Amino acid sequence: MLEARRLVKVFVRGHFLRQRRRVIDDVSLRIGPSETIGLVGCSGAGKSTLGKLLARLLEPTSGQLLFRGTDITHAKERELKSIRRKVQIVFQHPQSALHPRMKIADLLKEPLKLHRLVGKQQQQAAVMEMLARVGLHRDVLHRYPAELSGGEIQRVVIARVMALKPCIVILDEPTSMLDISIQAAIFHLLMQLQHETGVSYVLISHDLRLVERLCCRVAIMERGRIVEKREFSTNTS
Ligand SMILES: Nc1ncnc2c1ncn2[C@@H]1O[C@H](COP(=O)(O)OP(=O)(O)OP(=O)(O)O)[C@@H](O)[C@H]1O
Ligand SMILES: [Mg+2]
């Protein structure tokens with residue numbers, strides 16, 4: 001469904017003394033429907049950068065990116081609009097994804113309005129459905145993000161992402177800021193949503209044990225390269 005072929009990303013710094021850094025180096029990866037792929041590596045290995053390339057938030061320096069067989073490597077903003085809806089990212093710091101001065105009710109309505117997913121009359125019902133899907137109580141609707149726990153915020157972020165009916169969600173260390181007991185609940189929710197919708201995940205993590213449990217395939221990254229790929233036949237996803 002999404003295929004990266006020999007992706008390279010070079011960041012250039014400075015105007016005069018140009019410093020070039022090859023942050024992603026010759027990475028090939030394929031993500032099929034309803035799969036969970038793991039991306040593991042130490043800090044600075046290039047995991048988040050690869051995630052952004054896969055979602056086409058960044059343009060690769062070379063290589064190819066194909067979504068359902070269409071080359072989107074250099075697609076322009078207009079073409080990217082529908083792809084952005086289909087390939088979503090959940091970031092490491094969930095707070096940064098939510099406007100601090102908007103109430104949860106408005107934050108949940110935002111993607112519905114932006115992508116014109118439902119009419120004005122159906123918005124309220126759609127919001128209630130989003131809340132139920134991620135296991136949040138309606139009490140949160142009139143609060144601001146700062147008045148929610150980390151786990152609740154991540155549920156709001158997941159509700160907003162899943163409302164767009166994405167094909168692929170890139171989960172960039174989605175629970176690294178959360179307490180360990182809440183981490184398990186969030187992963188349980190994500191797996192349940194995958195079961196219901198058939199969405200694919202790219203799970204970025206430092207934690208190989210966690211990834212082994214949830215993923216069918218894992219790519220291990222070091223300094224911008226995939227150094228090892230592993231498959232786990234026991235996992236069904
Ligand atoms: N916009 C940018 N310009 C220049 N260098 C960048 C940019 N974004 C990332 N980098 C560099 O690329 C390297 C990889 O960063 P990246 O955030 O992808 O790593 P990561 O594997 O996600 O690390 P972590 O586990 O800490 O999140 C780092 O050395 C970082 O400094
Ligand atoms: Mg990162």
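Up top is the structure these notes are about.
Here goes a summary of the coordinates provided. (Residues numbered from 1 in each chain as written. Chains lettered and ligands numbered in written order. Predicted model: local features only at pLDDT ≥ 70, side-chain atom pairs only at ≥ 80, totals over all residues.)

What follows is about the packing of helix 3 (residues 104–114) against helix 5 (residues 150–162). Relative placement of two packed helices is described by the angle separating their axes and the distance separating the axes. Running from N to C, helix 3 and helix 5 point in directions that differ by 25°, and their axes come no closer than 8 Å. Accordingly, the angle class assigned to the pair helix 3 and helix 5 is roughly parallel. As for how helix 3 packs across helix 5, the hand of that crossing is right-handed. Seen from helix 3, the contacting residues are Ile104, Leu107, Leu108 and Pro111; seen from helix 5, they are Val156, Ala159 and Arg160. Looking at the contact of helix 3 with helix 5 residue by residue, the class counts come to 6 nonpolar, no polar and 1 charged. (Axes fitted to C-alpha atoms, helices over the stretch in contact; angles between N-to-C directions. Helix = DSSP H or I, 4+ residues; strand = E, 2+ residues; numbered from the N terminus. Parallel < 35°, antiparallel > 145°, perpendicular 65-115°, else oblique. Left-handed = near helix turned anticlockwise from the far one by under 90°. Contact = placed C-beta atoms within 7 Å. Nonpolar A, V, L, I, M, F, W, Y, C, P; charged D, E, K, R; others polar.)

Near ligand 1, the surroundings consist of Phe11, Arg21, Val23, Gly41, Ser43, Gly44, Ala45, Gly46, Lys47, Ser48 and Thr49. If you list the elements that add at least two residues to the shell around ligand 1, you get strand 2 (19–31) and helix 1 (47–54). It is helix 1 that provides the largest number of residues to the shell around ligand 1, a total of 3 residues. Tallied by class, residues from the shell around ligand 1 come to 3 nonpolar, 6 polar and 2 charged. (Near = placed C-beta within 6 Å.)

We now examine the environment of lysine 120. Following the sequence through the fold, lysine 120 ends up in the loop between helix 3 and helix 4 (123–133). For lysine 120, a count of 9 C-beta atoms within 10 Å gives the class exposed. Sequence-wise, lysine 120 and arginine 18 are 102 residues apart; in three dimensions their C-alpha atoms are separated by 51 Å. (Buried ≥ 20, exposed ≤ 12 C-beta atoms within 10 Å, placed from the backbone.)

This part takes up helix 3. If you check which residues of helix 3 are buried, you get Ile104, Leu107, Leu108, Lys109 and Leu112. Where helix 3 is buried, its residues meet helix 4 and helix 5. Where helix 3 ends, the next residue or the one after it, arginine 116, has phi of about 45°, a positive value.

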